[in-house]
Amino acid sequence: FEYFATLLLVVMIMLANAAGVGGGGVIVPIMMLFGFATKVCIALSNVIILIGAITRYIMNFNDSHPEKKATTIDYGIVILMMPTIMIGSFIGIQIN
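Bear in mind the structure is a predicted one, so any value in this text is a computation, not a measurement.

Rules used throughout
- Residues numbered from 1 in each chain as written.
- Predicted model: local features only at pLDDT ≥ 70, side-chain atom pairs only at ≥ 80, totals over all residues.
- Heavy atoms only, no water.
- Core = buried A, V, L, I, M, F, W, Y, C linked by side-chain atoms within 4.5 Å.
- Buried < 20%, exposed > 50% of the residue type's maximum accessible area, 1.4 Å probe, protein only.
- Helix = DSSP H or I, 4+ residues; strand = E, 2+ residues; numbered from the N terminus.
- Contact = heavy atoms within 4.5 Å.
- Axes fitted to C-alpha atoms, helices over the stretch in contact; angles between N-to-C directions.
- Left-handed = near helix turned anticlockwise from the far one by under 90°.

## Examining the nonpolar core
By size, the foremost hydrophobic cluster in this structure holds 7 residues: Leu9, Ile13, Ile27, Val28, Ile30, Met31 and Cys41. Elements represented by at least two residues in this core include exactly helix H1 (2-19) and helix H2 (24-33). Those residues within four positions of Val28 in sequence are excluded, and the remaining contacts are Cys41, Ile42 and Ser45.

## Some thoughts on the packing of H2 against helix H3 (residues 38-60)
Viewed as axis vectors pointing N to C, H2 and H3 meet at an angle of 140 degrees, and their least axial separation amounts to 9 Å. The two elements H2 and H3 meet at a crossing, and its hand is right-handed. Only Thr38, Cys41, Ile42, Leu44, Ser45, Ile48 and Ile49 of H3 make contact with H2, whose side of the interface consists of Gly24, Ile27, Val28, Met31 and Met32.

Function-wise, these values are silent; they only describe arrangement.
If you want it as structure tokens, here you go:
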């Protein structure tokens, strides 16, 4: 039973990462079906998504854009978005 659950999660996570989706909407329900508590499912889902995001970044950070002389990651947008994301996260944590 545990092997089936692990295999199912691995396959679903691989499909979600290949599609460019984090997979939280897939991971949490599957884990809850196998008897995990909701808080545990959410925490494990966040760790899995973080690992997937770091892996994708490592694989793509040096790739070049197919049509122009640039990297595939637009660091200008990252520099603009990260402060607002951090502020929004901080405010959300304080409100919660």
